[in-house]
Each structure stands twice: as C-alpha cells, then as structure tokens.
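# Close look at the chain arrangement
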Amino acid sequence: MKAVVVEQYAPIDQIELKDVPMPPVAAGQLRIKVHAAGIGFVDGLKVQGLYQTKDPLPFTPGTEFAGVVDEAPDNAAGYVPGMRVMGMARSGALAEYITVNAEAVHPLPDAVAAEVGASFRANYLTAHYALSARAMLAAGEQLLVLGAAGGVGIAAVQIGRLLGARVIAAASTPEKRDFARAHGADAVIDYTQPNWRDALKELTGGHGADVIFDPVGGEISVQAFRSIAWRGRHLVVGFAAGSIPALPFNLPLLKGGALLGVDLAQIPTREPDVQKRLMAELTSWLAEGKLKPVVGRVFAFADFRDAFKAMQTRDALGKMVVRISS
Ligand SMILES: NC(=O)c1ccc[n+]([C@@H]2O[C@H](COP(=O)([O-])OP(=O)(O)OC[C@H]3O[C@@H](n4cnc5c(N)ncnc54)[C@H](OP(=O)(O)O)[C@@H]3O)[C@@H](O)[C@H]2O)c1
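Going along each chain's sequence as written, the residues are numbered from 1 onward. Thresholds applied to this predicted model are a pLDDT of at least 70 for local features of residues and 80 or more for the giving and counting of side-chain atom pairs; totals over whole chains, interfaces and linings are not thresholded and use all residues. The side-chain numbers reported here are obtained from all heavy atoms of the structure, hydrogens and water having been left aside.

This part is about the overall build of the protein. Scanning the protein for helices and strands turns up 11 helices and 15 strands. In terms of overall size, the protein behaves like a compact globule, its C-alpha atoms giving a radius of gyration of 20 Å where 326 residues would be expected to give roughly 20 Å. Taking the principal axes of its C-alpha atoms as reference, the protein extends roughly 60 × 40 × 35 Å. Any residue under 20% of the maximum accessible area for its type is buried, any over 50% is exposed, and the rest in between are partly exposed; the area is computed with a 1.4 Å probe on protein chains only. Residues classed as buried in the protein amount to 53% of the 326 residues present. Secondary structure elements are defined from DSSP: runs of H or I of at least 4 residues count as helices, runs of E of at least 2 residues count as strands, and each element is numbered from the N terminus. In this treatment the radius of gyration is a C-alpha quantity, and the globule benchmark scales as 2.2 Å times the residue count to the 0.38 power.

What follows covers the site of the ligand. Note on terminology: near, applied to a residue and a molecule or strand, indicates that one of the residue's heavy atoms is within 4 Å of it. Ser172, Lys176, Tyr191, Val262 and Leu264 are the nearest of the 24 residues found near the ligand. Backbone polar atom of Phe239 to an oxygen atom of the ligand: 3.2 Å apart, as the coordinates give it. In this description, accessible areas are obtained by the Shrake-Rupley approach with a 1.4 Å probe, and a residue is regarded as covered only by the protein chains that are shown. A total of 900 Å² of accessible area belongs to the ligand in isolation, and the protein chains cover 89% of it. Mapped onto the shell around the ligand, the elements with two or more residues apiece are α1 (41–47) and α4 (151–162). For the shell around the ligand, the class distribution of residues is 14 nonpolar, 7 polar and 3 charged. Here the shell around the ligand spans two domains, since at least three of its residues come from each of domain 1 (2–120 + 293–323) and domain 2 (125–262). N or O atoms within 3.5 Å of each other form a polar contact, as long as, within protein, one can give a hydrogen and the other can take it, and as long as residues adjacent in sequence are counted only when both atoms are side-chain atoms. Residues are sorted three ways: Asp, Glu, Lys and Arg are charged, Ala, Val, Leu, Ile, Met, Phe, Trp, Tyr, Cys and Pro are nonpolar, and all the rest, Gly among them, are polar. For the domain bounds, the source is a domain assignment made automatically or taken from a database.

None of this, on its own, says anything about what the molecule does.
Following this line, the structure appears as structure tokens:
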C-alpha cells in the first residue's frame, strides 16, 4: 500500500509517498481503508520534529481519518467489514490503510461525507472540551476566538454559537473574517490592527470577552488577556504564531481572570468520562445536522505536501483534508 513516510524529521518538501507493507491487524483491532485524512497544524510540526513530543522514526503522519472497516478479526466492539467509521490515532492516517484499536473509532453517519468525518474529532472535541468542560461557557456570554478561520478556530466559532454565546471572531484577512462570519460569528475583528482592542471594547459594550479561545499565542495572547472581562477565562489552546507568551501575573489578579490549559491528547486518559459525554453530544449534533464541520480544502493524495504548506504559510481556511481513496 502507499503511505506518507517520515524517515528523518525534515521540511515537508523532503517527505515522500512510499510503498509499505499492509499494517497487520490483531484481536481487538480494526483495519480501516482510509478514504480521507484531516491534517492539523501539529502534524506539520511533528514531521519536522518540532512538536513537544516526537514520534519515533520512521512514522506516517496524520491523526484523523474517515473510511470503511476493511478487517475486524473478532468483530471488535461490533464493527464488521464495510462499516463507515471516523477516528483518531497517534499517527498513521496518511496511508491507504491504518490499524487502530476499536475504541479509536466512531460510526460515521451515512449522510456525512468522509472529508467531513476526517475534519471532525480533533478540532471539535478540543473546542467543545475547552468551551464546555474548562471555561463553562454560558449562553449569553461573549466569546472571543483568535485565529478564528483556522481549523480549531472555526470549530470554536461553531461550538460557541451552539452553546448560545455571542461569538466575536478575530482573523487577519478580510477573506478569513468573511469565512468566520459565514460559519456563525456574530461580529469580526482584524487583530492585526494596532487598535484592535478598542474595537473589541466597543463590540462588547465595554465589558470585554468573558471567554477567550486562543490557538495563536505570541504577543496577541497577552493583549487579548488585557481585554478579558471580570472573571474571564482565557483558554490556552496553541501557539500557531510560533512563540509561547509570558503573561505578567498581575493581570489575572487585576482582572479576576483565569488561564486554562487545554490538551486534546490527555483527555482520553485523564478524563475518559468527559470525553465520552462530549463525543456523544458532538456525534448527535453531527447526525442531526445541527453541526456541520467545516472542510476547508481537499487535496489529492499525491499533493499531500500542499495541505501542510497551506497551514505553514498562514493560508488555510478551516481544516485541510487529503483524499486518500474512494
Ligand atoms: N491544545 C490542543 O489540544 C489543540 C488541538 C488542536 C489544535 N491545537 C493547536 O492550535 C493551533 C492551531 O491549529 P490549527 O490546526 O487550527 O491550525 P490552522 O488551521 O493553521 O490555524 C491557525 C491560525 O493561527 C493564526 N496564525 C497566527 N500567526 C500564524 C502563523 N505565523 N502561522 C500560521 N498561523 C498563524 C492564523 O489565523 P490568522 O491568519 O487569522 O491570524 C491561522 O488561521 C496549533 O498551534 C495547534 O497545535 C491545539
């Protein structure tokens, strides 16, 4: 089968599609024929060996996928060949086949395309966990989403709306702000402007943001915290801008504010019941059509490098997806 193989940590241009053996499948596992794989910012860091944790070499990148069950040796967890599923793994999704434990997948509703299924779990679980389980976002509160047109940002815009918040989307270009508005933002801000905090103050009637969803980092994070409402919650999600900000400790004191960390990778082990509840809620919203995950761009398997480059050049809108097979 064909798979993207990282033999040395390197820029994406040096990574290639290779012929590799089919992954074996053991009892309790499923082999999935991958139809689509979702790529996130983290995948680009992992390929270069720049992420906090390093995948042992060689590895196949890609954590999110949707496809059909190819083999289920003992009908693990009720799955049988031919069933449509979506799932997450530590790596391995940019391949024609992936083997995972049965707990790693969920059924993919018939009405939901594979590209949508592959765009769903990481970003929407992160956003839902952050906003519901950490920030306890309440209906009527004002939510500021930084990097709102990116993969996890647009998920936070949509989940924020579903939870009844007023969503203010911050993004760097008119196209990105239109994109955020089209997916439910009530108001938008150009946070590349020096006076963007004045615009935020005006938009919130002087109140500030009750909750800040922050996958961007850098100086913007500290500026945003300065505009937080009393008892506001600032969610630390990521550092797409490249630098980890340092927050002066007097600011949480003066604002009565809280900084809350969010790490998708630790939810399954540290809070399995919360993950189960949030995933059940998300999949029922998905099946009912209440939540329509945003697929930004779909790339052919041979063009997988372009999916990574779109994020690395700050050019991505929504989630980048690679179509592997049909
Ligand atoms: N904590 C978790 O569990 C978790 C889960 C998912 C993702 N994340 C993290 O969240 C961040 C975003 O991931 P993503 O997949 O949503 O990425 P993405 O689609 O590329 O979005 C990132 C956004 O960040 C903004 N940005 C600002 N400076 C940037 C720069 N120098 N380069 C690229 N983007 C820049 C961009 O918006 P503007 O152009 O509008 O500024 C962009 O839309 C990453 O750091 C990722 O590791 C964390």
